[in-house]
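Now for the letters of each chain:
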Amino acid sequence: MNSNSSLIDKTFMNTLLFLLFILVSGCLYAQNSTSKHFKVESMSEGVYAIIHSPGGYAICNAGIVNLGEETLVFDTFLAPGAALDLLKIAVELTGNPVKYVINSHYHNDHIRGNQVFKPSATIISTAVTRELMAENEPKEILQEQEYAPQRLTQLKQEYETETDEKTKKSLLMWIGYFEAMVESHAILKTTLPDVTFSKSLSIHGSQREAQLFTFDLGHTTSDLILYLPAEKIVFAGDLLFIGMHPYLADGNTTHLVQDLMQLKTFDIEKVLPGHGEVGTSQDIDLMIKYVNQMNSLVERLAAQNVSSEELEQVHIPEPFDSWEFSNFFRLNLKFMFNSYAR
Ligand SMILES: [Zn+2]
């Protein structure tokens, strides 16, 4: 071996060690970047799932995408305090400023952190989502100021006396939900999106492209999803819940099944739901099964002409009886039953 080849070997080894260092420190960084509101999970190089932690003020999941020279954040949580941690971690993980913020739909737990990203970021949503935010937020905040403090006290009392671990975990989520509201109402500044679109929008970064597509009437009047074609990753917002009952009472289940079937036509390796852990397209199949099963159940109950008391006694069908947010099952059932009866 001559000195030249050993020099090349040395340079090669140094490069290899440096790359290994970057890789390992990147992974550790992802694990160390913590907040009491959420956990960080790497979905691909430069793409992160931000998953709500029980008791935290995030409530929904969020996503972070390094576009190359700038960063995109998908959904901004229920409380500005949790969103501030999201902003900090987005910059730490990518080394780039947050330039784009996406609101998947108008529900409070996906939009209330918007204000912490201003003035530097551009907030993007569908045109309908912006209208719904402008119309609903002031009313909802006023109503919440009325009922949230009392509900929080009630939930804390229930938590103290509850012995079932699964119910306790669910109560902890709702305590975080109402606590976040009560604590943030004084500082909340409704911050509407700056840019809106109707069907689809592409954001071209130097490193990757992020595509936004609208899906109407399924979960709310207007929802959007984010797709990363190179990584085959979808951020599905609340069109998809994983391991927990979805919230169906603000949409239309026929449209939701159509939306989910359409989502299935995308080439998907990983999917980040609005609530729950990261999954695959099999989780979209399971959500379709859930909605179809709920529809059949409601049809059967309507044929039997059940009373509202009997409706309260209906058991959650398998395999969904192990899912979290069981209170959403009851809520969905009532909503769908009343819509069916009309
Ligand atoms: Zn929602």
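Going by the structure above, here's the rest.
Rules used in this analysis
- Residues numbered from 1 in each chain as written.
- Predicted model: local features only at pLDDT ≥ 70, side-chain atom pairs only at ≥ 80, totals over all residues.
- Heavy atoms only, no water.
- Axes fitted to C-alpha atoms, helices over the stretch in contact; angles between N-to-C directions.
- Helix = DSSP H or I, 4+ residues; strand = E, 2+ residues; numbered from the N terminus.
- Parallel < 35°, antiparallel > 145°, perpendicular 65-115°, else oblique.
- Left-handed = near helix turned anticlockwise from the far one by under 90°.
- Contact = heavy atoms within 4.5 Å.
- Nonpolar A, V, L, I, M, F, W, Y, C, P; charged D, E, K, R; others polar.
- Pairing = 2+ DSSP bridges.
- Phe/Tyr/Trp six-rings, centres within 6.5 Å; stacked < 30°, edge-to-face > 60°.
- Buried < 20%, exposed > 50% of the residue type's maximum accessible area, 1.4 Å probe, protein only.
- Donors = N, O, S within 2.8 Å, 3.2 Å for Na, K, Ca; no water.
- Tetrahedral: all angles 85-135°; square planar, octahedral: opposite > 155°, others 65-115°.
- Expected span 1.5 Å × (residues − 1).
- Arc of directions from axis to C-beta.
- Polar contact = N/O pair within 3.5 Å; in protein donor to acceptor, adjacent residues only side chain to side chain.
- Salt bridge = Lys/Arg side-chain N within 4 Å of Asp/Glu carboxyl O.

### Here we look at the packing of helix 6 (residues 253–264) against helix 7 (residues 281–303)
Following both chains from N to C, one finds helix 6 and helix 7 inclined at 160 degrees, their axes separated by 10 Å at the closest point. Considered as vectors, helix 6 and helix 7 are oriented roughly antiparallel to each other. Considering only the axes of helix 6 and helix 7, their crossing is left-handed. Here Thr-253, Leu-256, Val-257, Leu-260, Met-261, Leu-263 and Lys-264 of helix 6 lie close against helix 7, whose contacting residues are Ser-281, Ile-284, Asp-285, Met-287, Ile-288, Val-291, Asn-292 and Asn-295. Broken down by class, the residue content of the contact of helix 6 with helix 7 amounts to nine nonpolar, four polar and two charged.

### Focus: the sheet that holds strand 11 (residues 233–241)
Reading across from one edge, 8-9-10-11-12 is the order of the five strands in this open sheet, with mixed pairing throughout. Both edges of this open sheet fall to strand 8 (200–204) and strand 12 (270–275), since each of them pairs with a single strand only. Put simply, the sheet's adjacent strands are angled 25 degrees from each other on average, direction ignored. As paired elements, strand 11 and strand 12 share five bridges and run parallel to each other. Bridging from a neighbouring strand, Phe-241 pairs with His-275 of strand 12.

### Remarks on the packing of aromatic side chains
Applying the stated criterion across every chain, the model contains 16 aromatic pairs. On the numbers, 5.0 Å between centres and 80 degrees between planes, the contact of Tyr-227 with Phe-266 is edge-to-face. Of this pair, Tyr-227 sits in strand 10 (residues 222–228) while Phe-266 sits in the loop between helix 6 and strand 12, and the two are 39 residues apart along the sequence. Classification of Phe-266 as buried rests on a relative accessible area of 15%. Ring geometry for Tyr-290 and Trp-323: centres 5.4 Å apart, planes at 20 degrees, overall stacked. Of this pair, Tyr-290 sits in helix 7 while Trp-323 sits in the loop between helix 8 (308–312) and helix 9 (326–341); the two residues are 33 residues apart in sequence, bridging distant segments of the chain. Each of the two residues, Tyr-290 as well as Trp-323, counts as buried.

### Digging into the side chain of Asn-103
Mapped onto the secondary structure, Asn-103 falls in the loop between strand 5 (98–102) and helix 3 (108–111). Take Asn-103: its relative accessible area is 0%, and that puts it in the buried class. Each residue touching Asn-103, except ones within four places of it in the same chain, is listed here: Asp-75, Thr-76, His-110, Ile-111, Asn-114, Ile-123, Ile-124, Ser-125, Met-133, Pro-193 and Leu-224.

### Some points on the environment of Ile-284
Take Ile-284: it is sitting in helix 7. When the C-alpha atoms of Ile-284 and Val-257 are compared, they prove to be 9.7 Å apart, with 27 residues separating the residues in sequence. Contact partners of Ile-284, with chain neighbours within four places excluded, come to Leu-240, Leu-260, Leu-263, Lys-264 and Ile-268.

### Let's talk about the coordination of the zinc ion
Around the zinc ion, the protein supplies His-105 (NE2), His-107 (ND1), His-219 (NE2) and Asp-238 (OD) as donor atoms, at distances of 2.1 to 2.2 Å. Each of the four donor atoms bound to the zinc ion contributes to angles spanning 92 to 165 degrees, and the resulting shape is irregular. In terms of primary sequence, the donors binding the zinc ion are separated according to H-x1-H-x111-H-x18-D. Here His-107 is found in the loop between strand 5 and helix 3, whereas its partner His-219 is found in the loop between strand 9 (209–216) and strand 10, with 112 residues between them in sequence. The residues His-107 and His-219 share a single accessibility class, namely buried.

### Thoughts on helix 6
Across its twelve residues, helix 6 extends 16 Å between first and last C-alpha, which sits within 8% of the 16 Å expected from 1.5 Å per residue. Looking only at helix 6, the buried set comprises Thr-253, Leu-256, Val-257, Asp-259, Leu-260 and Leu-263. Projection of helix 6 onto a plane perpendicular to its axis shows the buried side chains occupying an angular sector of 160 degrees, all on one side. At the N-terminal end of helix 6, a side-chain oxygen is found 2.9 Å from the backbone nitrogen of Thr-254, two or three residues along, and the residue is Asn-252.

### Considering the pattern of salt bridges
Close approach of charged atoms lets side chains of opposite charge pair. Across all of its chains, the model carries twelve salt bridges by this definition. A salt bridge links Lys-39 to Glu-277, with the shortest nitrogen-to-oxygen separation between them at 2.9 Å. Here Lys-39 is found in strand 1 (residues 38–44), whereas its partner Glu-277 is found in the loop between strand 12 and helix 7, with 238 residues between them in sequence. Classification of Lys-39 by relative accessible area gives partly exposed; the value is 36%. The class for Glu-277 is partly exposed, based on a relative accessible area of 39%. Ionic pairing is found between Asp-267 and Lys-232, a salt bridge with its closest N-O pair at 3.3 Å. Taken together, the positions of Asp-267 in the loop between helix 6 and strand 12 and Lys-232 in the loop between strand 10 and strand 11 put the pair 35 residues apart, joining distant regions of the chain. What makes Lys-232 partly exposed here is its relative accessible area of 26%. When salt bridges with common partners are traced through the structure, they connect Glu-45, Arg-208 and Glu-231 into a single cluster.

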